[in-house]
Amino acid sequence: MSTYENIYAIVRQIPAGTVATYGQVAIQANLSGKARLVGYALYRVDISSDVPWHRVINAKGEISYSPLRQGGDYTQKVLLEQEGIEFNTEGKVNLRKYLWHPKID
């Protein structure tokens, strides 16, 4: 399995109504310290794929806005809100409330 496919497999485990951080996904994929690599992998995902890319946000609880995403970051916010995730007036998600806690085998 490629590094990107490993990342996608982790992201597919994030349940609707929860979020994970780039760093959290990196740790789960045995890529500790490589949160940016997770971001690169998710940037390559087609919006219509089965990878719930929109459930991954930064460690501040924010969507990482970028002009390179061609509006995908606004789509991300809409998709998260459709899953019941609320943003405060500063555009942040309450990580204590919505952070995914993967089961450890």
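Everything numeric here is computed off the predicted structure, so don't read it as measured data.

Definitions and cut-offs
Residues numbered from 1 in each chain as written. Predicted model: local features only at pLDDT ≥ 70, side-chain atom pairs only at ≥ 80, totals over all residues. Heavy atoms only, no water. Core = buried A, V, L, I, M, F, W, Y, C linked by side-chain atoms within 4.5 Å. Buried < 20%, exposed > 50% of the residue type's maximum accessible area, 1.4 Å probe, protein only. Helix = DSSP H or I, 4+ residues; strand = E, 2+ residues; numbered from the N terminus. Contact = heavy atoms within 4.5 Å. Axes fitted to C-alpha atoms, helices over the stretch in contact; angles between N-to-C directions. Parallel < 35°, antiparallel > 145°, perpendicular 65-115°, else oblique. Nonpolar A, V, L, I, M, F, W, Y, C, P; charged D, E, K, R; others polar. Arc of directions from axis to C-beta.

Enquirer: How do you make sense of the nonpolar core when you look at a structure like this?
Expert: Nonpolar side chains in soluble globular proteins tend to end up buried together. In this structure, Ile7, Val11, Val25 and Leu42 are the most contacted members of the largest nonpolar core, which totals 19 residues. Broken down by secondary-structure element, the contributors of at least two residues to this core are helix H1 (3-11), helix H2 (22-28) and helix H3 (35-43). Top element by residues in this core is H1. It accounts for 4 residues. Setting aside anything within four residues of it in sequence, one finds Ile7 in contact with Val25, Ala29, Leu31, Leu37, Val38 and Ala41. Counting 8 residues, the second largest nonpolar core, distinct from the first, contains Ile57, Ile63, Leu80 and Val93.

Enquirer: Help me understand the packing of H1 against H3, please; the structure alone is not making it clear to me.
Expert: Relative orientation and spacing of two packed helices are given, respectively, by the angle between their axes and the distance between those axes. Two elements in contact, H1 and H3, have axes whose closest approach is 10 Å; the angle formed by their N-to-C orientations is 85°. Classified by the angle between their axes, H1 and H3 sit roughly perpendicular to one another. Of the residues in H3, those touching H1 at Thr3, Tyr4, Ile7, Tyr8 and Val11 are Leu37, Val38, Tyr40, Ala41 and Leu42. Class assignment for the residues of the contact of H1 with H3 results in 9 nonpolar, 1 polar and no charged.

Enquirer: Mind showing me how you'd approach H3 here?
Expert: Counting along an α-helix, one turn takes 3.6 residues, and residues three or four places apart therefore face a common direction. Along H3, the residues that are buried comprise Val38, Ala41 and Leu42. Within H3, the buried residues cover an arc of 95° as seen down the axis, which keeps them to one side. Turned more than 90 degrees away from the buried face of H3 sit Arg36 and Tyr43, all of them exposed. Where H3 is buried, its residues contact H1, H2 and strand S2 (56-57).

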